[in-house]
Amino acid sequence: MTLAELLDQVQLLKSSGLSAIDAASTEESLSEERTRLVGRKAGALTELMKALPSLPVEERRPAGAAINDLKALIDAALDARGAALTQHAVRSTQQDLSLPGRRTWRGAKHPTTLVMEEIEGIFRELGFTVALGPEAETDWYNFGALNFPSDHPAMDMHDTLYLGDGVLLRTHTSPVQVRTLQRYAPPIRVLVPGNVYRRDFFDPSHAPMFAQVEGLAVDEGISFVDLKATLTHFTKQLLGSARTRFRPSYFPFTEPSAEMDVECQLCKGSGCPACKGTGWSEILGAGMVHPGVLDAAGVDSEKYTGWAFGMGPGRIAMQRYGIPDIRLLYDSDVRFLEQFAT
Ligand SMILES: [Zn+2]
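Predicted model only: the values in this text are computed from it and were never measured. (Residues numbered from 1 in each chain as written. Predicted model: local features only at pLDDT ≥ 70, side-chain atom pairs only at ≥ 80, totals over all residues. Heavy atoms only, no water.)

Colleague: Which residues make up the overall build of the protein chain, and what values do they have?
Modeller: Check the secondary structure of the protein chain and you find 11 helices and 10 strands. For 342 residues, the compact-globule estimate of 2.2 N^0.38 gives 20 Å, and the protein chain exceeds it by more than 25% at 43 Å. If you line up the protein chain on its principal axes, its C-alpha atoms span 135 × 45 × 35 Å. Out of the 342 residues belonging to the protein chain, those deemed buried represent 42%. Restricting the contact set of the protein chain to residue pairs at least 6 apart, pairs at least 24 apart contribute 67%. (Helix = DSSP H or I, 4+ residues; strand = E, 2+ residues; numbered from the N terminus. Rg over C-alpha atoms; globule rule 2.2 N^0.38 Å. Buried < 20%, exposed > 50% of the residue type's maximum accessible area, 1.4 Å probe, protein only. Contact = heavy atoms within 4.5 Å.)

Encoded structure:
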């Protein structure tokens, strides 16, 4: 073999060897290429080395240098390809790039909470402050101080869970009226949000536990006009142009008493299951505070008068957002709740 022939072989081996290394797709095939190209016994480069002694002495140095350069090049290419194959193998066992991406989960306020905050905002502008009280309440605060005779039929609507020793789960937020009247002197304007409990069936419009918001205003010279004007202002703020109506009603702790209805926002007054076909939805109960309640709390009923109202923000949320069944508010179904994310 002449020097020129040997250098030709080196060039040939360089291009074929490098493309074979690049094409190796597994660690096994790369290992085969390593043996074929630079194997100690029968590798292509080793075969070229064996040809060196047959060259004239002065040609052996450039020939050896060319073979060594090629060996360094091929070794580097083998190492680089090996590293790339290892990295790919690791990645493919840890990640599946075809998986769909994970959505970030966004929390949202419960529709009842949204309505509560809106109600609080409207009454805060009218000078009301928020008062809170215990959910496990005594018989006296829940009934006695609120003018409920223990054998009165109105008690039937307020059946609840008794915890023993005259303590029960409160059936309304009204006990906080008494606690507030005992603690602060008039003028009083408070808003009382909280959960209440009743032995109601769980049906499309009832739940055994629900949120209530109650309001109380007590001062000298307060009349039914103040009640009606304030609640009319409130419903206009909350529901816009929806029609409302007052109906006479009965509550032991108010006299006279009224219920306020709003035109059903689901059927626009034509009647649907949520409004029991009447076209109206009861939004709140209200009335002038019964003198017996003021007296029980130690407030002079000859000097002071007041009005109070109570409403269910869950019912209002149903009207506001067109929710046909109150039980949806209790299901904790994220698909339902995330619709209220703003
Ligand atoms: Zn309706």
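Following the structure, the description resumes.
Colleague: Before we move on, can you summarise helix 1 (residues 3-23) with the specific residues and values?
Modeller: The end-to-end C-alpha distance of helix 1 is 30 Å, a good match for the 30 Å that 21 residues give at a rise of 1.5 Å each. Leu3, Leu6, Val10, Leu13, Gly17, Ala20 and Ile21 are the residues of helix 1 that are buried. In an axial view of helix 1, the angular spread of the buried residues amounts to 115°, which keeps them on one side of the axis. For helix 1, exposure combined with an orientation more than 90 degrees from the buried face picks out Ala4, Asp8, Leu12, Asp22 and Ala23. (Expected span 1.5 Å × (residues − 1). Arc of directions from axis to C-beta.)

Colleague: Requested: an account of the packing of aromatic side chains, with residues and values cited.
Modeller: Under the criterion given, the structure shown has 12 aromatic pairs. Between phenylalanine 123 and phenylalanine 309 the ring centres are 5.0 Å apart and the planes differ by 20°, which places this aromatic pair in the stacked class. With phenylalanine 123 in helix 5 (residues 111-125) and phenylalanine 309 in strand 10 (residues 305-311), this pair connects stretches of sequence that are 186 residues apart. Ring geometry for phenylalanine 148 against phenylalanine 253: centres 5.8 Å apart, planes inclined by 35°, an arrangement best described as tilted. Of this pair, phenylalanine 148 sits in the loop between helix 6 (139-142) and strand 3 (162-164) while phenylalanine 253 sits in the loop between strand 7 (244-251) and strand 8 (254-263), and the two are 105 residues apart along the sequence. Following the ring pairs from residue to residue traces out a cluster consisting of Phe123, Phe128, Phe234, Trp307 and Phe309. One cation-aromatic arrangement involves arginine 179 over tyrosine 141; the distance from NZ or CZ to the ring centre is 4.0 Å. (Phe/Tyr/Trp six-rings, centres within 6.5 Å; stacked < 30°, edge-to-face > 60°. Lys NZ or Arg CZ within 6 Å of the ring centre and 35° of its normal.)

Colleague: How would you explain the environment of tyrosine 304 if you had to name every residue and give the values?
Modeller: Note on placement: tyrosine 304 falls in the loop between helix 9 (291-296) and strand 10. Classification of tyrosine 304 by relative accessible area gives buried; the value is 13%. Considered as a pair, tyrosine 304 and proline 187 are 117 residues apart in the sequence and their alpha carbons are 9.0 Å apart. Residues in contact with tyrosine 304, not counting those within four places in the same chain, are Pro186, Val218, Asp219, Glu220, Leu294 and Val299.

Colleague: Mind laying out the pairing of strand 9 (residues 280-289), listing which residues take part and the relevant values?
Modeller: Among the 10 residues in strand 9, nine count as buried, and that is most of the element. Where strand 8 meets strand 9, eight bridges bridge the pair, whose relative direction is antiparallel. If you follow methionine 260 over to strand 9, its bridge partner there is leucine 284. Taken together, the five bridges between strand 9 and strand 10 define a ladder with antiparallel strand orientation. The partner of glycine 287 across the bridge, within strand 10, is alanine 308. (Pairing = 2+ DSSP bridges.)

Colleague: So what's going on with the sheet that holds strand 4 (residues 167-169)? Which residues, and what values?
Modeller: Strands sit in the order 2-4-3 across an open sheet of three strands; the sheet is antiparallel. Either end of the sheet is taken by a strand with one partner, and the two such strands are strand 2 (136-138) and strand 3. Between one strand axis and the next, the sheet turns by 35° as a mean value, whatever way the strands run. Pairing geometry for strand 3 and strand 4, over two bridges, is antiparallel. By the bridge assignment for strand 4, tyrosine 162 is matched with leucine 168. (Axes fitted to C-alpha atoms, helices over the stretch in contact; angles between N-to-C directions.)

Colleague: Quick rundown of the coordination of the zinc ion? Include the residues and the values.
Modeller: Around the zinc ion, the donor atoms from the protein are Cys264 (SG), Cys267 (SG), Cys272 (SG) and Cys275 (SG), and they sit 2.2 to 2.3 Å away. Taken together, the four donor atoms coordinating the zinc ion span angles of 104 to 114° at the metal, a pattern that classifies the geometry as tetrahedral. Mapping the donors of the zinc ion onto the primary sequence yields the spacing C-x2-C-x4-C-x2-C. On the criterion of sequence distance, the pair formed by cysteine 264 in the loop between strand 8 and strand 9 and cysteine 275 in the loop between strand 8 and strand 9 is long-range, its members being 11 residues apart. For cysteine 264, a relative accessible area of 0% gives the class buried. (Donors = N, O, S within 2.8 Å, 3.2 Å for Na, K, Ca; no water. Tetrahedral: all angles 85-135°; square planar, octahedral: opposite > 155°, others 65-115°.)

Colleague: Please provide a residue-by-residue account of the side chain of glutamine 212, values included.
Modeller: With respect to the helices, strands and loops of the structure, glutamine 212 is situated in strand 6 (residues 209-219). Only 2.8 Å separates the side chain of glutamine 212 from the backbone nitrogen of threonine 173, close enough to count as a polar contact. Aside from chain neighbours lying at most four places away, what touches glutamine 212 is His172, Thr173, Val192, Pro193, Gly194, Val196, Arg198, Met311 and Pro313. (Polar contact = N/O pair within 3.5 Å; in protein donor to acceptor, adjacent residues only side chain to side chain.)

Colleague: Pulling in residues and values, what's your account of the sheet that holds strand 6?
Modeller: Hydrogen bonding along the main chain pairs the strands of a sheet, whether they run parallel or antiparallel. If you trace the seven strands from one edge of the open sheet to the other, you get 1-5-6-10-9-8-7, paired in mixed fashion. With one partner strand each, in any of the chains shown, strand 1 (129-130) and strand 7 form the two edges of the open sheet. Of the strands in this sheet, strand 5 (188-197), strand 6 and strand 10 are in contact with helix 7 (residues 175-183), which crosses strand 6 at around 35°.

Colleague: Report on the pairing of strand 5, specifying residues and quantitative values.
Modeller: With eight of 10 residues buried, strand 5 lies mostly within the body of the structure. Across two bridges, strand 1 lies against strand 5 in parallel orientation. Within the sheet, the bridge partner assigned to valine 130 lies in strand 5 and is leucine 191. Where strand 5 lies against strand 6, 10 bridges are found, and the strand directions are antiparallel. Looking across to strand 6, one finds that valine 192 is bridged to glutamate 214.

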